[in-house]
Amino acid sequence: KKLSTIQSEFTGKFPHLGLLFFPLEEAKKAERGEQIRPHRSDQTVASVRTMAAKGDMSIHGNTTVGSLEGNFRDDYGLYVQVCYMRDGKPVYTAESLNPVGLSELNRRAGEQGRGPFKYPVQ
């Protein structure tokens, strides 16, 4: 499955949120405050993952940000960030939002006027 397909399905369920996929090494750069670069969305999960999935991943509205990001790391070896829009640019969610469910975060983003999520052109 292409990353763009997963992104489309995710944003179809949560229109104010997006998913960006990164190599695991990028997580260390993010911790240091350095700029990180996502995988191209035309790549497949199979071509970028660093471990074989333990099963199918399902994403529901009550799935928390932290669980989703952790599941991708633990099951696929991918660094994933749930994002929303701010001033026309994708912004990564803060750690303080890790316990928030995706439906709740999507609702909050909509109420804050974040607008529909737009993926960056790569």
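As a starting point, this report considers the structure included with it. Every value quoted in this text rests on a predicted model; they were computed, and no experiment measured them.

1. A few points about the environment of Gly-110
Consideration 1: Counting through the fold element by element, Gly-110 comes out in helix 5 (residues 102-111).
Consideration 2: Here the alpha-carbon distance between Gly-110 and Phe-22, two residues 88 residues apart in the chain, equals 26 Å.

2. Focus on the pairing of strand 1 (residues 18-23)
Consideration 1: The element strand 1 is largely enclosed, with a buried count of six among its six residues.
Consideration 2: Here strand 1 shows two buried faces, one formed by Gly-18, Leu-20 and Phe-22 and the other by Leu-19, Phe-21 and Pro-23.
Consideration 3: Pairing between strand 1 and strand 2 (residues 78-86): six bridges, direction antiparallel. Residue Phe-21 lies in a different strand from strand 2, and its bridge partner there is Val-80.

3. A word on the pattern of salt bridges
Consideration 1: By the definition in use, this model includes eight salt bridges.
Consideration 2: The salt bridge partner of Glu-104 is Arg-107, with a shortest N-O separation of 2.5 Å. Of this pair, Glu-104 and Arg-107 are both found in helix 5, three residues apart, which corresponds to roughly one turn of the helix.
Consideration 3: It is possible to trace a salt-bridge network through shared partners that takes in Glu-104, Arg-107, Arg-108 and Glu-111.

Analysis parameters
Residues numbered from 1 in each chain as written. Predicted model: local features only at pLDDT ≥ 70, side-chain atom pairs only at ≥ 80, totals over all residues. Heavy atoms only, no water. Helix = DSSP H or I, 4+ residues; strand = E, 2+ residues; numbered from the N terminus. Buried < 20%, exposed > 50% of the residue type's maximum accessible area, 1.4 Å probe, protein only. Pairing = 2+ DSSP bridges. Salt bridge = Lys/Arg side-chain N within 4 Å of Asp/Glu carboxyl O.

Functional significance is not addressed by these values, which are geometric in nature.
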